[in-house]
Every structure is written in structure tokens, then in C-alpha cells.
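The primary structure of each chain is shown beneath.
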Amino acid sequence: MKQIIYFSLLLCIHSIISAQHIPMVLTPEGHEQKYEYCMRNVDPTLLKNESTLSTDSDIDVLQYDLFMDWRLPFATYDTVLPSYTYSGKNSLQFFARKELTTIQLNGASMLIDSLELNGKKIPFTSIRQPVNGTWSFTLDMPIAIDTHNLNIYYTYVGNAKDGFYYYPKGMFVRKFQGLDSNFVEEDLAYVMSQPEDARFWMPCNDRPDDKARARITVRVPYDSTLSDRDNIRVTSNGDLIDLRIGNGPASSLYRDYTFFDTTLIPTYLMVVNASRFVDFTLWAKNPINNDSIPIYNYVWKKDAEGIKTDGSEYNALHALSNTPSMISGYIPLFGAYPFKSYGHTAVQPFWAGGMEHQRMSSINRTWLRGWSSNGLAHEVMHQWFGDLVTCDTWGEIWLNEGAGTLGEALWYETWGGYPEYISMMRSKRNDYLRINAGNQQPPIFGIPIENVFNYATTYAKASWVYHMLRTMLGDSVFYSVMKTYLKTYAYGNANTEQFKNMFATLAPKPPIEYDVFFDQWLMKPGHPKVKFSILREHVNANNERYVHFQVQQIQQGKDIPEVFQYPLTIQFICATDTVVYKGLMKTANHEGFVQLQSSLKKAIIDPRSDILMESDSASGVYLSVEEQEGPRQMAHIRRFGNDSFVSLHSLQSEEGTLSIVDIRGSQLYSEPFSLQPKEMKEIKLPHFISGMYIVLIRTRTAVQPILYVQ
């Protein structure tokens, strides 16, 4: 028979908070006084009471008071079991938005043992056990539109591979190429919930738009004969407000860790980790007021004692040493750090790289080899975008992950300037273009939950939406709006429409209308592919040089816009100077004339990488004045993306035929053409199977063969 643990929490929140300081077991070594005097408080101008959210849920959870007894999983030695179990209780204070006779919540891998609503026990026969992630119970009489209290006693029964994870000491993890094999260093239990896995380890209202206050208590085994660092320790969100030792069956000891935070949190950002951790503290300085922000780090002993910095061993102190500069770098851009502290708990195995659990990110132990500063910066950025302001629904996750990915580049900018920033953004663009080579990726907005971690769109392309807003509006406007956005929706939720309206209100009259901008980049798939269709240098009657250009959008694909609108920049590099043209691309073709001081050498579309696009090669296709006066070459082949073009030009009127033959001489394609004097024309070549072909350009007076490799 399953053992159900009933308990009562003996101290109210006020009395616990006003009790003695955090026990020495978790205070940073050598920093007790600094912790007490330098722990920053949350900016009071950002705090606000929770309000009823506009959602489809019948209830709004105001607070979770969760207890979990994890002693049984830790009683398993040196093996992986097919099933694990633990007992728990979750006390919910919730607001009913309407009169209810049926209350539905989320839950999986668990049995609901008993319920108490407003102090009254609910008959067991009224409980519908979890099926497909939800469970419910019915009432004889409806409850009123009001605040209610629900105690849920439950038993987790699962494989410890969804939501709740357990790995015994010594279990083989993997072998890294050229490095040592990896094993679980100490017994390890943790939770990981994004997007909807909190329901696997606690009964809850598992949705990102229902943020609540959370008090979390976890019971783990304790051995009084061992030092603290050799016992199991627990990390979680918030402050450690209580740590108690108790007696279990057969005089076995346990410790109850209790964490609490007054700031609101969604279920997917709640975390608990338990293992034999050692800890160390780093400090981030607020560059605005010189306040100090503690960063608490929990790792295995082997990882804390590593000394090599070449990646051949785990070295937690070295790997995490840049985190303070990340926090310090984001504060001037986005405002005060929104929580009392930050931290990392390193776990392995871990299916993700990192996870931005509020105030205590979980990171893959592999990051402790020093390979993943980008990932650390990403999770720090989430403390503003994702934790402080959370997406309303998973279809809006680009708001979280696009900002987190942008944060990687912004951290580079804090120490390397704009060149390092744009280099990182170009790598994100290249990732997107590589993954989206066949234009098969979905739009950013409304991505289905089964594809929510789509790197190409949710992360890389979404980061470019932020980047393009920045380059279109300028830094002063962009960061001002972002700060106001974060302050307006602090500790709550926001959606794309609210994000857009914030820009429309504070930065009206943008170069590209916001409705157009957000529709083409978020609601539609794809991106612009842009090439020169005309690029000609001329000298007029006054012996003045100028270039005549036309750029053309040629992107194709299902639902991809035929025309993207964006600020257009072209850099004309000449023999002795450089000329920059700026305009707005609002049609499929954009034509213009630019005066030059010397002979044209190169033309580059979007030289600063302001827009997410595939653009023409840097040299373009053009005839300079000197080339027009030189030996006549009627055609050459130019590649652009996956397509190839034959560029035709002539100093006189010409008529002819373009044909393609294979290496056996069989004609595969033919198309007539005509040219006016000094005209340049391009013909797109058809796609053939891979091989070698000959393109023949025939006119009345000549034949020009060109080798074409498909």
C-alpha cells in the first residue's frame, strides 16, 4: 500500500521571514555579512499585485504551497528502476472566475489520493484521475466567484524521465570524443518543466499565463555523521527560508528545505534540484548604483575542484566566471535586475543545454567545461525576457527565446563592441538560412507546441526580429521602448499585440509600418532573397559618373510574401571612395541612380546586415565604363543561393538564342533573347540533376560556350 504523508506547515510566512538568518549550511562561505548587507531588494516600482488574467482558464492560481518527499527515490542504489514513487501535497489558493461545479487541473504520472476544498474533504468517488495530462473533481454545490483553498494529496508514480528525473550515482552518461567518460557523480534528482511538464511532478494549473507565488518544501535524506557538503542538498527558486532536521522511520533522519519568493512565477519556471552539491558565490555589480547581486552556484565536488581551462575537465569556477559581466551588461540596456539573486545548478544527464528557471537556472554539466558562454548569457537574458515578463501562450514563445538569443550577441557587444555583436547575429542568420534552405520552416508566431523549440524560427529568426527593430529605430528609441515594455508588464505576461502596441505608442511613424513589419516577419514564413537585376555605371555628357541600379526580390514558397518591406541600404565601393544609398524597399523591384566620384568596383546590398535576407554577391553583376570599352564578353553565369543565372550584355543590338546541352550534345533547353545597346539582362537557368552541362549563347555573328556545373 502506498504511504501517504500528511503534514502541516507550522510557521506562517511572516514569522519565518522575520526569523533567524539563512543557516550557515547555505550561506556563501566567507560572505555572510556581505550577503546580509549587499543583497539587493527588488525595485519597488516594478512590484505589483497579481490581477485576474484574461485567459480561458476557469481559475487563477494565486499561490502554491508545495511539499514533496523525495526520500524514496534516493533510497535506490546503483541502479535505474522502471518506476519511482514519492508522496506530496500541493495547497493551492485560487480565484474562481465563475461559479464552478467541476474544477479541472493538470496532472500526469500521479495518483490523486485525496482532496480538501475550503477545509471540507471531497469524496474520492468525485475525483477523476489524471488522463492525458488533466484531472478534475466535481462538487455537489457550485463554488462562488471568490478565493478558495484546495489541498491536494498525491503520489507520483513514473519512470523519472518526464518532468521529474532521477539518476543514481555511477550511472554511465556518455563519452565525449577525445575526453574522459562521464558518469553521474552523485545521486541526483531534479525537475524540468518547459513547456508543459510541471504536471508530471505536481498537480497544478500548468500554463504560462497563470503566474502565482510559490512556496516549495522538499524532504531529502540526511546523515548526521557526514559533513554538510557530503549530504544531499536542495536548490530551488526564491530564498531558503527554513531548513529543518526531522526523524523518520527507524530513527532515519531527513532535512526539509523550504524556499519562498514573493515574486510571481509560472509553473514551467519552478525548479527543484537535489544532490550532494558544493557551492560558491559570484557577485555581479550594478553599474548604475554599484549594488551587488549574488550569483549562487551549485555543482558536484569534482567540478568545483577542476583547475584546467582547456575544456579537458570540468571547471565550474572558470566556466561561470563571465556570468557577473552578463548581468552587469544587461542592466543599462533593460533596467534593474528584477530579482534578489541569480544562480546556476549544474545537472547531468540533462536533455537541454540550459533552462532559465527563475533566479536559479539549470545548466547542463557539459557547460562547466567552459564551452558555453553563449548559453549562459542566453539564460541570464531570460531573467528579464521570460521570467520578469512571460509570454502569454506557447505560441508567443518567440518573445522569450528571440530575446534570449539576442542576449547572446548583446553580451558580445558589451566587451567587443558592435563588430562582435553583428558577427554573432550573422552566425544566427546563417543558422536560420542553413536550416531553412528548403523554405520548410513555419512562421515564428503561433508555432505548435510540439515544435516549440524550433531553433530556426523560435530562436534564430526571432532574434533577428528584435535586431531589425533595433536597426530600424536606432538604439536610443529601441532600448527606451524595451525598458518601458518590461516595466509595464513586470512580473506578469505579455503577448505579441501588446509588444507591437508598445512600439506603436512610444515610437510612432517608423520607416516600415508596424502592422506590415510584424505581419511579414512573424505571421508569414520565409525571408527576402534580393539580387541586382540592373547594375550599370555610366558617364553623362558632363563627364560625371553615376550608377544605375535595380534590386529585385525573388523569394518563392508557400505563403512567403512576394514583397517584404524594409529599409534598403546599398554600399557602392569605388576606386577612391565609398557611397552609401539608403531607401525603402516596398515593392518587388527598386530602381535608383547614384552619383559616383570614381570608377565602381563593388556593390553590396545591406552591408551592415540590418535585415534578415539572402542578398546578391558583394561584387554584383555590372559593366563599368572601362569594361564597356574593353573586349566584348556577351555572357557569364552567376550563382545566387540555390539558383543560377546567365547574365547577358551587349554594346549593340543583339538577337540570339540561349540553349543548354549535356556532355553528349543533347539539347535540354532553349530560349530566345534580344538585347538593346548597352542593356543587361538575366535569364534564370532551369534546375537539372547534378552534372556537367554547356550553355551556348548564339547570335548572328558569334557563339559563346560556357561550362555549367549543376
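Residues numbered from 1 in each chain as written. Predicted model: local features only at pLDDT ≥ 70, side-chain atom pairs only at ≥ 80, totals over all residues. Heavy atoms only, no water.

(A) Expanded view of the overall build of the chain. When its secondary structure is counted, the chain shows 13 helices and 39 strands. For the chain, the residues scored as buried account for 58% of the 710 residues in total. Just so you have it, the chain exposes about 29,600 Å², and 51% of that area is on carbon and sulfur atoms. (Helix = DSSP H or I, 4+ residues; strand = E, 2+ residues; numbered from the N terminus. Buried < 20%, exposed > 50% of the residue type's maximum accessible area, 1.4 Å probe, protein only. Areas by Shrake-Rupley, 256 points an atom, 1.4 Å probe, with all protein chains shown as cover.)

(B) Up close: the nonpolar core. By size, the foremost hydrophobic cluster in this structure holds 103 residues, and its most contacted members are Phe 334, Trp 384 and Phe 572. Looking at which element gives the most residues to this core, the answer is helix α8 (residues 398-435), with 14 residues. When sequence neighbours within four positions are dropped, the list of residues in contact with Phe 334 reads Met 381, Trp 384, Phe 385, Leu 410, Tyr 479, Met 482, Lys 483 and Leu 486. Core analysis: the next-biggest nonpolar cluster, separate from the first, contains 77 residues, Ile 103, Tyr 156, Ala 160 and Val 234 among them. (Core = buried A, V, L, I, M, F, W, Y, C linked by side-chain atoms within 4.5 Å. Contact = heavy atoms within 4.5 Å.)

(C) Layout of the packing of helix α9 (residues 455-473) against helix α10 (residues 475-488). Taken N-terminus to C-terminus, the directions of α9 and α10 make an angle of 130°; their axes are 6 Å apart at the nearest point. Of the possible angle classes, the one that applies to α9 and α10 is oblique. Facing Tyr 466, Leu 469, Arg 470 and Leu 473 of α9, the residues of α10 in contact are Asp 475, Val 477, Phe 478, Tyr 479 and Met 482. Tallied by class, the residues present in the contact of α9 with α10 amount to seven nonpolar, no polar and two charged. (Axes fitted to C-alpha atoms, helices over the stretch in contact; angles between N-to-C directions. Parallel < 35°, antiparallel > 145°, perpendicular 65-115°, else oblique. Nonpolar A, V, L, I, M, F, W, Y, C, P; charged D, E, K, R; others polar.)

(D) The arrangement of a nonpolar patch on the surface in detail. A contiguous nonpolar surface patch, about 270 Å² in accessible area, is contributed by Met 692, Leu 707 and Val 709. Structurally, the position occupied by Val 709 is in strand β39 (residues 703-709). (Patch = residues over 30% accessible without salt bridge, like charges linked within 9 Å, V, L, I, M, F, W, Y side chains within 5 Å. Salt bridge = Lys/Arg side-chain N within 4 Å of Asp/Glu carboxyl O.)

(E) Inspection of the environment of Asn 495 at higher detail. Position of Asn 495 among the secondary structure elements: in the loop between β25 (492-494) and α11 (496-506). With 104 residues separating them along the chain, Asn 495 and Cys 391 place their C-alpha atoms 5.9 Å apart. Ignoring anything within four residues of it in the chain, the contact list for Asn 495 reads Asp 392, Glu 396 and Leu 399. Looking at Asn 495, its side chain comes within polar contact range of the main-chain nitrogen of Glu 497, at 3.1 Å. In terms of polar contacts, Asn 495 uses its side chain to reach the backbone amide nitrogen of Gln 498, at 2.8 Å. (Polar contact = N/O pair within 3.5 Å; in protein donor to acceptor, adjacent residues only side chain to side chain.)

(F) Molecular detail of the pairing of strand β33 (residues 635-640). Pairing analysis gives six bridges linking β33 to strand β34 (residues 643-649), with the strands arranged antiparallel. Opposite Ala 635, over in β34, you have Leu 648 as the bridge partner. Counting the residues between successive antiparallel strands, the hairpin from β33 to β34 contains two residues, one of them, Gly 641, with a positive phi of roughly 65°. (Pairing = 2+ DSSP bridges.)

(G) Quick peek at the pairing of strand β18 (residues 272-275). Burial of the side chains of β18 extends over both faces: Val 272 and Ala 274 are buried on one face and Asn 273 and Ser 275 on the other. For strand β13 (residues 188-191) and β18, the ladder comprises two bridges, and the chain directions are antiparallel. Residue pairing for β18: Ala 189 is matched across the bridge by Ala 274. Judged from the four bridges that link them, strand β15 (residues 233-236) and β18 form a sheet pairing that is antiparallel. Bridge assignment links Ser 236 to a residue of β18, and that residue is Val 272.

(H) Here's a closer look at the sheet that holds strand β14 (residues 212-222). Judged by pairing direction, the sheet is mixed, and its eight strands sit side by side in the order β5-β4-β8-β2-β1-β14-β17-β16 without closing on themselves. Since the sheet does not close on itself, it has two edges, and those belong to β5 (120-122) and β16 (239-247), each with one partner. Recorded for the sheet is a direction-independent mean angle of 20° between the axes of neighbouring strands. The sheet contact formed by strand β2 (residues 84-96) and strand β8 (residues 147-158) spans twelve bridges and is antiparallel. Paired with Tyr 86 across the two strands is Tyr 156, which belongs to β8.

(I) Region of the structure containing the pattern of salt bridges. Tallying each qualifying case throughout the model produces 34 salt bridges. Through salt bridges with shared partners, one network takes in Lys 169, Glu 186, Asp 187 and Arg 276.

(J) Focus on the sheet that holds strand β27 (residues 545-553). Strands sit in the order β30-β27-β26-β32 across an open sheet of four strands; the sheet is mixed. The open sheet terminates on both sides in strands that have one partner only, identified here as β30 (589-596) and β32 (614-615). In the sheet, strand β26 (residues 529-539) pairs with β27 via nine bridges, with the strands oriented antiparallel. Note on β27: the bridge partner recorded for Leu 535 is Phe 549.

(K) Highlighting the side chain of Lys 461. Position of Lys 461 relative to the elements: it lies in helix α9. Within the buried set, Lys 461 has no salt-bridge partner at all; the shortest N-O distance to an opposite charge, 11 Å, is to Asp 519. Not counting chain neighbours up to four residues away, the residues in contact with Lys 461 comprise Tyr 432, Ile 444, Ala 456, Trp 521, Lys 524, Pro 525, Gly 526 and Leu 612. (Lys, Arg positive; Asp, Glu negative; His and termini not counted.)

(L) Up close: the environment of Ser 91. Within the secondary structure layout, Ser 91 lies in strand β2. Considered as a pair, Ser 91 and Cys 204 are 113 residues apart in the sequence and their alpha carbons are 9.7 Å apart. For Ser 91, the side chain forms a polar contact with the side chain of Asn 151, separated by 2.7 Å.

(M) Broad picture of the packing of aromatic side chains. Counted under the stated rule, the structure contains 47 aromatic pairs. Each ring, one from Tyr 86 and one from Tyr 154, has its centre 6.4 Å from the other, and the planes form 75°; the classification is edge-to-face. One end of the pair, Tyr 86, is in strand β2; the other, Tyr 154, is in strand β8, with 68 residues separating them in the sequence. Owing to a relative accessible area of 1%, Tyr 86 belongs among the buried residues under this scheme. (Phe/Tyr/Trp six-rings, centres within 6.5 Å; stacked < 30°, edge-to-face > 60°.)

(N) Quick peek at helix α7 (residues 373-382). The element α7 is extensively covered by neighbouring structure, given that nine of its ten residues are classed as buried. Ser 373, Gly 375, Leu 376, Ala 377, His 378, Glu 379, Val 380, Met 381 and His 382 are the residues of α7 that are buried.

(O) Just the side chain of His 344, in detail. As for its position among the elements, His 344 is in strand β21 (residues 342-347). Judged by its relative accessible area of 1%, His 344 is buried. Residues within four places of His 344 in sequence aside, it is in contact with Ile 295, Tyr 296, Asn 297, Tyr 298, Leu 320, Thr 323, Met 360, Ser 361, Ile 363 and Leu 376.

(P) Broad picture of the packing of helix α6 (residues 323-334) against α10. Following both chains from N to C, one finds α6 and α10 inclined at 95°, their axes separated by 8 Å at the closest point. Judged on the interaxial angle alone, α10 and α6 are roughly perpendicular. Packed against α6, whose contacting residues are Pro 332, Leu 333 and Phe 334, the element α10 presents Tyr 479, Met 482, Lys 483 and Leu 486 at the interface. In the contact of α6 with α10, the residues fall into six nonpolar, no polar and one charged.

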